[in-house]
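The lines below spell out each chain.
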Amino acid sequence: GAVVSQHPSWVICKSGTSVKIECRSLDFQATTMFWYRQFPKQSLMLMATSNEGSKATYEQGVEKDKFLINHASLTLSTLTVTSAHPEDSSFYICSWDRLLNTEAFFGQGTRLTVV
Amino acid sequence: GENVEQHPSTLSVQEGDSAVIKCTYSDSASNYFPWYKQELGKRPQLIIDIRSNVGEKKDQRIAVTLNKTAKHFSLHITETQPEDSAVYFCAASGGSARQLTFGSGTQLTVLP
């Protein structure tokens, strides 16, 4: 299967600071990526869809100025949580969309804890 | 948009028994229905999927059935083992929406 690398796998930061999460596809290229968020004991919820070379599309209730997405290339997308607060503590997972393959390819996930 | 409902939220079975988890979806345009197993702190792991042109698919102890008319699909695990204990999610995608919409999850516990 396709290889997706997401890091860091976990991060602890102070309230008010920013955290960047990277997601790379190692053996394929794709134009579209999905970022999901999963709170403890809850399901995965789509936060935003990013396309290489264009602005990301955010789901209702997700602040675009707080969760900055940079889809710089066909193999790299980053999510920056700006001015993080404890309520942003969650598990963030990226998923690359390969148009010719319906299966989703997830990163390992990033456990963010804001203290 | 798509809405996926999943039941039950928790399920306990004795080792060797079968487990069934059910999901319903709302968007008739959805055509891809994967099931994931997720262990604590890890990414979802695809265990089986089915597309809308198929009614049933089986892979060893795991099977999935799809009823397009009723818009529901089910996961069946036979001869359960303690290592099957995890959270299971159903999901749906398709039509103009390639992102996955997940069900709420089922915590499966297999008792030895």
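Before reading further, recall that the structure is shown in the block above.
Residues numbered from 1 in each chain as written. Chains lettered and ligands numbered in written order. Predicted model: local features only at pLDDT ≥ 70, side-chain atom pairs only at ≥ 80, totals over all residues. Heavy atoms only, no water.

Enquirer: What exactly am I supposed to notice about the sheet that holds strand β8 (residues 76-81) of chain A here?
Expert: Adjacent strands of a sheet pair through backbone hydrogen bonds, lying either parallel or antiparallel. Residues and elements named next belong to chain A. Reading across the sheet, the four strands line up as β1-β3-β8-β7 and stay open at both edges, with antiparallel pairing between neighbours. What marks the edges here is a single partner per strand, and that holds for β1 (4-7) and β7 (67-70). Geometrically, the sheet is characterised by an average inter-axis angle of 15° between neighbouring strands, direction not taken into account. Where strand β3 (residues 19-25) meets β8, six bridges bridge the pair, whose relative direction is antiparallel. Each bridged residue has a counterpart across the sheet, and for R24 the counterpart in β8 is L76. (Pairing = 2+ DSSP bridges. Helix = DSSP H or I, 4+ residues; strand = E, 2+ residues; numbered from the N terminus. Axes fitted to C-alpha atoms, helices over the stretch in contact; angles between N-to-C directions.)

Enquirer: What is the right way to look at the pairing of strand β8 (residues 72-77) of chain B in this model?
Expert: Two faces make up the sheet, and in a regular strand the side chains alternate between them. Residues and elements named next belong to chain B. Direction of pairing for strand β3 (residues 19-25) relative to β8: antiparallel, over a ladder of six bridges. Following the sheet pairing, T24 is matched in β8 by H72. With six bridges connecting them, strand β7 (residues 62-67) and β8 associate as antiparallel partners. Within the sheet, the bridge partner assigned to L66 lies in β8 and is F73. Here β7 folds back onto β8, and the loop between the two strands holds four residues, one of which, K71, carries a positive phi near 60°.

Enquirer: How should I be thinking about the state of the cysteines in this particular structure?
Expert: Every disulfide links exactly two cysteines, by a covalent bond between their sulfur atoms. All names here are of chain A. Under the definition given, this model contains two disulfides over all chains. Disulfide pairing is shown between C23 and C94; the S-S distance is 1.9 Å. Judged by the sign of its S-S torsion, about 70°, the cystine formed by C23 and C94 is right-handed. In this pair, C23 sits in strand β3 while C94 sits in strand β9 (residues 90-98), placing the two residues 71 residues apart along the sequence. This cysteine, C13, is not joined by any disulfide, and C94 carries the nearest cysteine sulfur, 18 Å off. Overall, C13 belongs to the buried group, its relative accessible area being 9%. (Disulfide = S-S within 2.5 Å. Buried < 20%, exposed > 50% of the residue type's maximum accessible area, 1.4 Å probe, protein only.)

Enquirer: Would you mind going over the pattern of salt bridges with me for this structure?
Expert: Within the structure shown, the criterion is met by six salt bridges over all chains. Note that A:D97 and B:R98 form a salt bridge whose closest N and O atoms lie 2.9 Å from each other. On the criterion of chain membership, the pair formed by A:D97 in strand β9 and B:R98 in strand β10 (residues 97-102) is interchain, its members lying in two chains. Salt-bridge contacts for B:K57 lead to B:D49; the nearest nitrogen and oxygen are separated by 2.9 Å. (Salt bridge = Lys/Arg side-chain N within 4 Å of Asp/Glu carboxyl O.)

Enquirer: Is there a simple way to explain the sheet that holds strand β6 (residues 56-59) of chain B in this structure?
Expert: Residues and elements named next belong to chain B. On the basis of which strands lie adjacent, the open sheet formed by five strands has the order β1-β3-β8-β7-β6 and antiparallel pairing. Strands at the two margins of the open sheet, each flanked by one partner only, are β1 (4-7) and β6. Shown here is a sheet whose adjacent strand axes are inclined to one another by a mean of 15°, direction ignored.

Enquirer: Got a minute to help me understand the pairing of strand β9 (residues 86-94) of chain B in this structure?
Expert: Residue and element names in this part refer to chain B. Judged by how many residues are buried, β9 sits mostly within the fold: eight of nine residues are covered. Bridging between strand β4 (residues 32-38) and β9 involves five bridges; their strand directions are antiparallel. Pairing of W35 across the sheet is with C90, part of β9. Strand direction decides the pairing type here: β9 and strand β11 (residues 106-111), joined by three bridges, are antiparallel.

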